[in-house]
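Residue-level structural notes
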Amino acid sequence: MDAFWLVEQRAALQRARMAGRFPPALLIQAAAGMGGDLLAQYAAQLALCRADRPACGQCRDCQRVLAGQHPDLYQVGLLDESKQLRVEQIRELTAELVLSSHGGGAAVAILQPADMTEAAANALLKTLEEPRPGASLVLVTAAPSNLPATIISRCMRLRVAPPARAATLEWLRHQRDADWEAVLDVLGNAPLRALQADPAALTKLRRECSAVLADAEAGRLDVAGVAAQWARGEDLELRLACVENWVTGRIDALMRARASVAEPRTIAHLPAASAPMNIAALIRFHDSVRELARLAAKPINKGIAIEQLLWQLARGGAAALQV
Ligand SMILES: [Zn+2]
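Everything numeric here is computed off the predicted structure, so don't read it as measured data.

**Brief notes about the coordination of the zinc ion**
At the metal site, the zinc ion is ligated by C49 (SG), C56 (SG), C59 (SG) and C62 (SG), and these contacts range over 2.3 Å. Spacing between the donor residues of the zinc ion along their common chain follows C-x6-C-x2-C-x2-C.

In structure tokens, the structure reads:
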């Protein structure tokens, strides 16, 4: 299962290693399911492998890194209910790295997710300012902007971008057979996240959401009831992704219809779903969906926010019908 979309980043790291410029601090920016952990693991292999051409993947060091059992590899993650790394974790790590220097060899610490309290960031900054020779810190995060600029500026940065959809589909189909189109529609082009998903469940969720949106537009939806149900559920993020895909599809269909307005035959064959909201209303709705998706992780009254969103669709549909 080779992560084809990490090839360039891996090559950049290997070039740095071969040139004797392996970074004492590396910042990997990768969204969930994009393989940031795989890239961090590869960086650890590169730093700890002593073969002529690291990372060989075969030697004892490489094998131990791959098994997560290398004595000079430190992995720092979230404790219990914490949403951020804590200062005591960073202090402990720094102490361990100092102790490990007695061996004189390389050591790697992977901090994932590299989202930390202010105190933790200050402690980490001290370690970055006085790195112990041979030690490398690898920070993995989806949102580098949460880190202080003083930390970011000391890191070599690697960003993992989502691969093209066609390539992602091909890779997924190579893993196993499923309705991957539907999965990517909901989850976006995050290959590893897609691979862990349940395609049947996502297809069902997408169908449910489309039905809700059609009912809202037609003015026959129990808006408050559905909003309360969505707010209680654990899959709000996925539902909002479905809604965003739905509205994007509608905007595309309307744009295509406009482009082909000179061809009556094409219009006659447009899908029924391309009416009745106008593009401006759909774009406003699209913005609202994205805004809600952004806020959904924060402590807001989700029921009311979802209700407002669905009402927007109900009103937009009714207004367009009256025109
Ligand atoms: Zn090796």
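**Here's the deal with the packing of aromatic side chains**
Remark: the centre distance and the inter-plane angle together describe each pair of aromatic rings, the angle taken between the planes. Throughout the structure, instances matching the rule amount to 4 aromatic pairs. A ring pair is formed by F4 and W5, whose centres lie 5.2 Å apart and whose planes are at 85°; its orientation type is edge-to-face. Accessibility expressed as a relative area gives 8% for W5, which makes it buried. Taking the centre distance of 5.1 Å and the plane angle of 90° together, the rings of W5 and W171 count as edge-to-face. In this pair, W5 sits in the segment before α1 (7-18) while W171 sits in helix α7 (residues 165-175), placing the two residues 166 residues apart along the sequence.

**Quick word on the environment of A280**
Tracing the backbone through its elements, the reader meets A280 in helix α14 (residues 279-295). Residue classification places A280 among the partly exposed residues on the basis of a relative accessible area of 43%. Sequence separation between A280 and R193 is 87 residues; the distance between their C-alpha atoms is 33 Å.

**What about the packing of helix α10 (residues 199-217) against helix α12 (residues 236-259)?**
Axis separation between α10 and α12 bottoms out at 9 Å; the angle between their running directions is 60°. If you check the angle between α10 and α12, you find them oblique. Crossing angle aside, the handedness with which α10 passes α12 is right-handed. Every residue of α12 that contacts α10 at L202, L205, R206, E208, C209, S210, L213 and E217 is listed here: L238, R239, C242, V243, W246 and R250. Residues of the contact of α10 with α12, tallied by class, amount to 8 nonpolar, 1 polar and 5 charged.

**A look at the domain arrangement of the protein chain**
Domain annotation of the protein chain identifies domain 1 (4-161) and domain 2 (198-322). Distance between the C-alpha centres of domain 1 and domain 2: 41 Å.

**Some thoughts on the sheet that holds strand β3 (residues 107-111)**
One open sheet accounts for 5 strands, arranged β2-β3-β4-β1-β5; its pairing is parallel. Unpaired on one side and paired on the other, β2 (73-76) and β5 (156-159) mark the two borders of the sheet. Sheet twist, expressed as the average angle between the axes of neighbouring strands with direction ignored, equals 15°. The pairing of strand β1 (residues 25-29) with β5 spans 4 bridges and is parallel. Considered in β5, the bridge of L26 is made with M156. The strands that helix α4 (residues 87-100) touches are β2, β3 and β4 (135-141); relative to β2, the one it contacts most, it runs at about 180°.

**Some words on the packing of α4 against helix α5 (residues 118-129)**
Two numbers describe how α4 lies on α5: the axes approach to 7 Å, and their chain directions differ by 20°. When the axis of α4 is compared with that of α5, the two are roughly parallel. Judged by the sense of rotation from one axis to the other, the crossing of α4 with α5 is left-handed. On the side of α4, the interface is formed by V87, I90 and T94, while α5 contributes A119, A120, A123, L124 and T127.

**Structural notes on the nonpolar core**
With 73 residues, the main nonpolar core has L13, I28, V138 and F285 as its most contacted residues. Top contributing element to this core by residue count: α12, with 9 residues. Those residues within four positions of I28 in sequence are excluded, and the remaining contacts are G36, L39, A40, V138, L139, V140, T141, L158 and V160. Formed by 27 residues, the second largest nonpolar core is a distinct cluster that contains V76, A107, L111 and L137.

**Observations concerning the side chain of Q9**
Note that Q9 resides in helix α1. Excluding residues that lie within four positions of it along the chain, Q9 makes contacts with L39, L158, R159, V160 and A161.

Rules and cut-offs
- Residues numbered from 1 in each chain as written.
- Predicted model: local features only at pLDDT ≥ 70, side-chain atom pairs only at ≥ 80, totals over all residues.
- Heavy atoms only, no water.
- Donors = N, O, S within 2.8 Å, 3.2 Å for Na, K, Ca; no water.
- Phe/Tyr/Trp six-rings, centres within 6.5 Å; stacked < 30°, edge-to-face > 60°.
- Buried < 20%, exposed > 50% of the residue type's maximum accessible area, 1.4 Å probe, protein only.
- Helix = DSSP H or I, 4+ residues; strand = E, 2+ residues; numbered from the N terminus.
- Axes fitted to C-alpha atoms, helices over the stretch in contact; angles between N-to-C directions.
- Parallel < 35°, antiparallel > 145°, perpendicular 65-115°, else oblique.
- Left-handed = near helix turned anticlockwise from the far one by under 90°.
- Contact = heavy atoms within 4.5 Å.
- Nonpolar A, V, L, I, M, F, W, Y, C, P; charged D, E, K, R; others polar.
- Domains from an automatic or database assignment.
- Pairing = 2+ DSSP bridges.
- Core = buried A, V, L, I, M, F, W, Y, C linked by side-chain atoms within 4.5 Å.

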